[in-house]
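Topology and contacts: notes
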Amino acid sequence: ADFHYMLPLDADATILDLGSGYGNITIPLARHYRKVIAVDTSVELLEFIRLRAESEGLTNIEYVHADPFEFCNLPFNNHVFDAAIISGVLEWVGAAKLDENPQSLQQKFLTQVRSFIKEDGFVYLAIENRLFPGYLHRDPHSKLPYTAYLPRYFADWYARSRGLVDGYRTYIYSYFSYKRMLSSTGLSFAYFLFPFSSYKSPSVIWPERDEATRFILASGLGRELYTKKWRFLLRACRTIGCAGLFLSSYMIIASSRTINKPPSILRQAGTVS
């Protein structure tokens, strides 16, 4: 949860953590902010988080058991949260409701989440990038080659032919597609953070501002993080103005209003410069 240092939050914030899982984000956020609402479809996982919180003496977490998110049956009022966290969750929206297109279900879910946050609140979205070259060999969710890159219809047919009964339903998108999707829900201001190596366990996080990318590539940090081949690719992309198009994943801060830009670079827990 080190990404929270880059979020425009104060200590009095109330945060909605959707798909809280084992509490890997819920618990750290509860140490820093007034209240966190942990939402999951698994009662067992919510109980696990409760036990974790109890062992740390945390009493500012509330627990909500919810239907699968694609049913948009979340029991919250509009405009009550300072932030909503959607980390490693959006791609699974659509897996349980097979009578509708996954992209349509994801759009409905984001629209509902948008209604829960305050007018000056924001959504934090962490998810894989469809155009990451490594996903040609193995999709991060279907575990099959090609499915991230194929047109959706062919990806679905291919997944069924390889034994996935429900087909291909874990949709991920590209940089520009995420921007369009968020904008269509009213979250028209989206700042992208670039994690290395992924949003799940980043050792470095930096925003898409050119000076940050230039620093990464010119410093010893770039040689530490990337192979020569990747440094060459990133430099080439930066030259034509698309340095972040082929990273493995994104961490996105989205809002309906302009928000303060995050710091230039974050390395390790709480080290901001």
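In this text, all values refer to a predicted model and were calculated from it rather than measured experimentally. (Residues numbered from 1 in each chain as written. Predicted model: local features only at pLDDT ≥ 70, side-chain atom pairs only at ≥ 80, totals over all residues. Heavy atoms only, no water.)

1. Examining the overall build of the chain
A count of helical and extended segments in the chain gives eight helices and nine strands. In terms of C-alpha radius of gyration, the chain reaches 19 Å, essentially the compact-globule figure of 19 Å for 273 residues. Its C-alpha atoms put the chain at 50 × 50 × 35 Å along the principal axes. Relative to its full complement of 273 residues, the chain shows a buried share of 53%. (Helix = DSSP H or I, 4+ residues; strand = E, 2+ residues; numbered from the N terminus. Rg over C-alpha atoms; globule rule 2.2 N^0.38 Å. Buried < 20%, exposed > 50% of the residue type's maximum accessible area, 1.4 Å probe, protein only.)

2. Regarding the side chain of Asn-129
Assignment of secondary structure puts Asn-129 in the loop between β5 (117-128) and α4 (152-161). Using a relative accessible area of 0% as the deciding quantity, one classes Asn-129 as buried. Side-chain polar atoms of Asn-129 contact the backbone oxygen of Leu-247, separated by 2.8 Å. Looking at Asn-129, its side chain comes within polar contact range of the side chain of Tyr-250, at 3.3 Å. The contacts of Asn-129, once residues within four sequence positions are left out, are Tyr-135, Ile-172, Tyr-173, Ser-174, Tyr-175, Gly-244, Leu-245, Phe-246, Leu-247, Ser-248, Ser-249 and Tyr-250. (Polar contact = N/O pair within 3.5 Å; in protein donor to acceptor, adjacent residues only side chain to side chain. Contact = heavy atoms within 4.5 Å.)

3. Quick look at a nonpolar patch on the surface
Judged by side-chain polarity, Leu-136, Tyr-146 and Tyr-149 come together as a nonpolar surface patch covering roughly 270 Å² of accessible area. Mapped onto the elements, Leu-136 comes out in the loop between β5 and α4. Assessed through its relative accessible area of 34%, Leu-136 is described here as partly exposed. (Patch = residues over 30% accessible without salt bridge, like charges linked within 9 Å, V, L, I, M, F, W, Y side chains within 5 Å. Areas by Shrake-Rupley, 256 points an atom, 1.4 Å probe, with all protein chains shown as cover. Salt bridge = Lys/Arg side-chain N within 4 Å of Asp/Glu carboxyl O.)

4. Looking at the confidence of the model for the chain
Scored by pLDDT, the chain has a mean of 89; 90% of the residues are at 70 or more. Low pLDDT (under 50) marks residues 268-273, which in the prediction has 14 contacts with non-local residues, meaning those over four places away or in another chain. (pLDDT = per-residue confidence, 0-100.)

5. Considering the nonpolar core
Ranked by size, the top nonpolar core spans 54 residues in total, and within it Val-39 and Ile-86 carry the most contacts. The element contributing the most residues to this core is helix α3 (residues 102-116), with five residues. Setting aside anything within four residues of it in sequence, one finds Val-39 in contact with Leu-16, Asp-17, Leu-18, Gly-19, Ser-20, Leu-46, Val-64, Ala-66, Phe-69, Leu-74 and Phe-76. Among the nonpolar cores identified, the runner-up in size contains 30 residues, and Ile-49, Phe-122, Ala-126 and Met-251 belong to it. (Core = buried A, V, L, I, M, F, W, Y, C linked by side-chain atoms within 4.5 Å.)

6. Points about unusual backbone geometry
Located in the positive-phi region is His-79, a residue other than glycine, with phi close to 60°. One can find His-79 in the loop between β3 (61-65) and β4 (81-87). The backbone of Tyr-146 shows a phi angle near 75°, a positive value even though the residue is not glycine. Relative to the helices and strands, Tyr-146 resides in the loop between β5 and α4.

7. Remarks on the packing of aromatic side chains
According to the stated counting rule, one finds 17 aromatic pairs in the structure shown. Between Phe-194 and Trp-206, the aromatic rings sit 5.9 Å apart at their centres with planes inclined by 85°, giving edge-to-face as the arrangement. Separated by 12 residues along the polypeptide, Phe-194 in strand β6 (residues 189-196) and Trp-206 in strand β7 (residues 204-207) bring together distant segments of the chain. By the burial criterion, Phe-194 is buried, and Trp-206 matches it. (Phe/Tyr/Trp six-rings, centres within 6.5 Å; stacked < 30°, edge-to-face > 60°.)

8. So, the packing of α3 against helix α5 (residues 175-184)
Running from amino to carboxyl end, α3 crosses α5 at an angle of 50°, the nearest separation of the two axes being 9 Å. Taken together, α3 and α5 sit at an angle that is classed as oblique. Between α3 and α5 lies a crossing of right-handed hand. On α5, the residues that touch Gln-103, Gln-106, Gln-107 and Leu-110 of α3 are Met-181, Leu-182 and Ser-184. For the contact of α3 with α5, the per-class residue count stands at three nonpolar, four polar and no charged. (Axes fitted to C-alpha atoms, helices over the stretch in contact; angles between N-to-C directions. Parallel < 35°, antiparallel > 145°, perpendicular 65-115°, else oblique. Left-handed = near helix turned anticlockwise from the far one by under 90°. Nonpolar A, V, L, I, M, F, W, Y, C, P; charged D, E, K, R; others polar.)

9. Considerations on the pattern of salt bridges
When the charged atoms of two side chains with opposite charge come close together, those side chains can pair. A complete count under the given rule lists 12 salt bridges for this structure. The shortest N-O distance in the salt bridge between Arg-160 and Asp-156 comes to 3.0 Å. Of this pair, Arg-160 and Asp-156 both sit in helix α4, separated by four residues, roughly a single helical turn. When salt bridges that share partners are traced, they join Lys-97, Asp-99, Glu-100 and Lys-108 into one network.

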